[in-house]
Amino acid sequence: MKKVILFIACVLVFPAEGISQDVHFSQFQNPTAFLNPAMTGMGNGFRAGLQYRDQWSAVDKTFRTGLFHADGSILSDNNAYLGIGGYAWFDRAGAASMNQTEAALQLSGVVRVGNGMRLSAGIKAAFAQTTVNPDNLTWDNQFDGTGYNASLASGELFSQDQVSFFDFGAGIGFTYESSSNSVNSRGNTLINVGIAAHHLTQPDETFLSGGEDKLPMRFTVHGDSRFIIAGTKFGVEPAFQAHFQGQSMNVVVGSGFRFGLGNDSKYTGFLSSSALGAGLYYRIGDAMIPTIKFETQSLVFGMSYDVTASGLSNYIGGRGGWEISILIRNIGDLFGGTSGRSMM
C-alpha cells in the first residue's frame, strides 16, 4: 500500500501526459498581486506577506509550498500612480523530490476613476526553475502484474533533471474602497475583482529526451470583498477564485465573517482597532476549507485547513493540508513611519 500511495502522489505532481497545474493557496485574498499583476500597488501603502502550506502529511513525502510577496506604489499624483512589486515561491512535491521555484517582478498602472474606484493593468516577468529526481519515481512499466518491480526498466529517457525558463503574465483589475480603511469602521466596503493570464509564452518544461511539454496558459478570475453591516461591528467577506489551465480547473468559493473588537482610537489600545474572523470555503470537487484570522490596522494573521472531500481521502488517511499566513498591510504604519499610498 505504501508504494501505491507514493505512486499516486507522483502521478498527481508529475503526470505522464505532462499537463501540470500551478501552485495555489487556500488563503488567496492576502496575496492578490500573486493572483494578478494588475493588483500590484492596490493596497494602502507598501505591504508584504508570507504564506506557508503543508499538504497531505499522511503521504511519506509531503507537499510543501511557501510564498513571499511585496508591493507598493510610486510616482503618484492626483489621478494615477505606478504599482511595483514582486514575489518568490517554492514548492517541494512528493516522492519525485520535485522542487519548483519562481521569482517575479511586477509593474502596474493604476488610474483613479471616481470616489474610491481604481482601474489597473499590470504585467509580470518571472524566472522559474524545476528540478526532479527520476530515481525516486515509479512507472507503469515497472509493475509486473503482481506489484512494483524496481529491476524493470522504466522506459523513460530523461535528458536532464533541471529545467529553467522565463515566464510572463498580464492582467486587469478593479478596486472600490469606501473612504475609511480602518479595521472597524461602520459601513466600510471593499471590493477587488480581476482577470489575469499567466504563461503567455507557454515555455517548454520537459525533462524527457525528444519530448516537448509546453506549460499551458493559466487564466485566472478572482474577487474578494468586505461589507461591514451598518451600525454593527459585524461584517461578511465573500470571495472566489477560479483558475483554468489545460484540462485542469481550480475553483474556490465561500465567505468569511468578522467581528470588530472595539472602536477605532489611537488612545484606547491595541484591541480597539482589531477584529476576529472565521470563514468557510469550498474548492469544488476537492476540499472544504475552514479559516480563522486575527487582524489589526497593520497586520493580518491567518490559518486554514483543507479538509479533503474527494475520493483521494481514502489514500491519504483523510488528511488535508494546513496553511498559515501573515500580511503587513502597511510597512510604514507598522514601524511608525509615514503611511499613505505612495512613498515617492
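Residues numbered from 1 in each chain as written. Predicted model: local features only at pLDDT ≥ 70, side-chain atom pairs only at ≥ 80, totals over all residues. Heavy atoms only, no water.

Engineer: What's the story with the overall build of the chain in this structure? I'm lost.
Structural biologist: Within the chain, the secondary structure is distributed over three helices and 14 strands. In the chain, buried positions account for 47% of the 344 residues. Put simply, of all contacts in the chain between residues at least 6 apart along the chain, 60% involve residues at least 24 apart. Surface summary for the chain: the accessible area is close to 16100 Å², and the carbon and sulfur share equals 61%. (Helix = DSSP H or I, 4+ residues; strand = E, 2+ residues; numbered from the N terminus. Buried < 20%, exposed > 50% of the residue type's maximum accessible area, 1.4 Å probe, protein only. Contact = heavy atoms within 4.5 Å. Areas by Shrake-Rupley, 256 points an atom, 1.4 Å probe, with all protein chains shown as cover.)

Engineer: Is there a simple way to explain unusual backbone geometry in this structure?
Structural biologist: Most peptide bonds take the trans form, and the phi angle of most residues other than glycine is negative. Positive phi outside glycine occurs at Leu75, with the angle close to 55 degrees. Here Leu75 lies in the loop between strand S2 (63-74) and strand S3 (80-93). Of note in this structure, Gln202 is not a glycine but carries a positive phi near 45 degrees. By secondary structure assignment, the location of Gln202 is in the loop between strand S7 (189-198) and strand S8 (218-228). Taking relative accessible area as the criterion, Gln202 reaches 33% and is therefore assigned partly exposed.

Engineer: Quick question: what am I supposed to make of the packing of aromatic side chains here?
Structural biologist: Here the distance between the centres and the angle between the planes together describe a pair of aromatic rings. According to the stated counting rule, one finds six aromatic pairs in the structure shown. Each member of the aromatic cluster is reached from another via a ring pair, and the members are Phe25, Phe34 and Tyr87. (Phe/Tyr/Trp six-rings, centres within 6.5 Å; stacked < 30°, edge-to-face > 60°.)

Engineer: Any chance you could explain the pairing of strand S4 (residues 98-114) here in plain terms?
Structural biologist: Regular strands have side chains that alternate between both faces of the sheet. As judged from the 14 bridges shared by S3 and S4, these two strands associate in the antiparallel manner. The residue of S4 that forms the bridge with Ala88 is Ala103. One ladder, built from 15 bridges, connects S4 with strand S5 (residues 117-131); its direction is antiparallel. Each bridged residue has a counterpart across the sheet, and for Arg112 the counterpart in S5 is Arg118. Between the antiparallel neighbours S4 and S5 lie two residues, among them Gly116 with a positive phi of about 75 degrees. (Pairing = 2+ DSSP bridges.)

Engineer: I would appreciate a short explanation of the nonpolar core in the present structure.
Structural biologist: Generally speaking, soluble globular proteins have nonpolar side chains that are buried together. The biggest cluster of nonpolar side chains holds eight residues, and these are Val23, Phe25, Phe34, Leu67, Tyr87, Trp89, Ala104 and Ala126. Look past the residues within four positions of Val23 in its chain and what remains in contact with it is Phe34, Thr65, Trp89 and Asp91. (Core = buried A, V, L, I, M, F, W, Y, C linked by side-chain atoms within 4.5 Å.)

Engineer: Would you explain the environment of Gly173 in this entry?
Structural biologist: Mapped onto the elements of the fold, Gly173 is located in strand S6 (residues 162-177). The class for Gly173 is buried, based on a relative accessible area of 7%. In the structure, Gly173 is positioned 65 residues away from Ser108 in sequence and 9.9 Å away in space, judged by C-alpha atoms.

Engineer: Could you clarify how one ought to interpret the side chain of Ser178 in this entry?
Structural biologist: Examined against the element boundaries, Ser178 turns out to sit in the loop between S6 and S7. Relative accessible area serves as the criterion here: at 16%, Ser178 is assigned to the buried category. Polar contacts involving the side chain of Ser178 include one to the side chain of Asn188, which spans 2.7 Å. (Polar contact = N/O pair within 3.5 Å; in protein donor to acceptor, adjacent residues only side chain to side chain.)

Engineer: It is not clear to me how the pairing of strand S11 (residues 275-283) should be interpreted in this structure. Could you clarify?
Structural biologist: Of the two faces of S11, the one holding Ala275, Gly277, Gly279, Tyr281 and Arg283 is buried and the one holding Leu276, Ala278, Leu280 and Tyr282 is not buried anywhere. Alignment of S11 against strand S12 (residues 287-295), held across nine bridges, turns out to be antiparallel. Looking across to S12, one finds that Leu276 is bridged to Phe294. In this antiparallel pair of consecutive strands, S11 and S12, the connection spans three residues, and Gly285 shows a positive phi of 75 degrees.

Engineer: Sorry, what's going on with the pattern of salt bridges here?
Structural biologist: If you walk through the whole model with that rule in mind, you get 14 salt bridges. Residue Glu237 pairs with Arg258 through a salt bridge whose shortest N-O separation is 3.2 Å. With a gap of 21 residues between them, Glu237 in strand S9 (residues 234-245) and Arg258 in strand S10 (residues 248-260) connect regions that are remote in the sequence. Comparing Glu237 with Arg258 shows no difference in burial state: the two are buried. Several salt bridges converge on common partners, so that one network encompasses Arg53, Arg283, Asp286, Asp306 and Glu323. (Salt bridge = Lys/Arg side-chain N within 4 Å of Asp/Glu carboxyl O.)

Engineer: What's the story with the side chain of Asp306 in this structure? I'm lost.
Structural biologist: Tracing the backbone shows Asp306 in strand S13 (residues 299-308). Engagement of the side chain of Asp306 in a polar contact is seen with the side chain of Arg53, the distance being 2.6 Å. In this structure the side chain of Asp306 is engaged in a polar contact, spanning 2.8 Å, whose partner is the side chain of Arg283.

Engineer: Is there a simple way to explain the confidence of the model for the chain in this structure?
Structural biologist: Detailed conclusions should not be drawn from predicted coordinates in areas where pLDDT is low. Confidence in the prediction of the chain, expressed as mean pLDDT, is 80, and 70% of residues score 70 or more. Contacts from residues 1-19, a stretch scored under 50 in pLDDT, to residues over four places away or in other chains number 32 contacts. Low pLDDT, under 50, characterises residues 266-271; the predicted model gives this stretch six contacts beyond four residues in sequence or across chains. (pLDDT = per-residue confidence, 0-100.)

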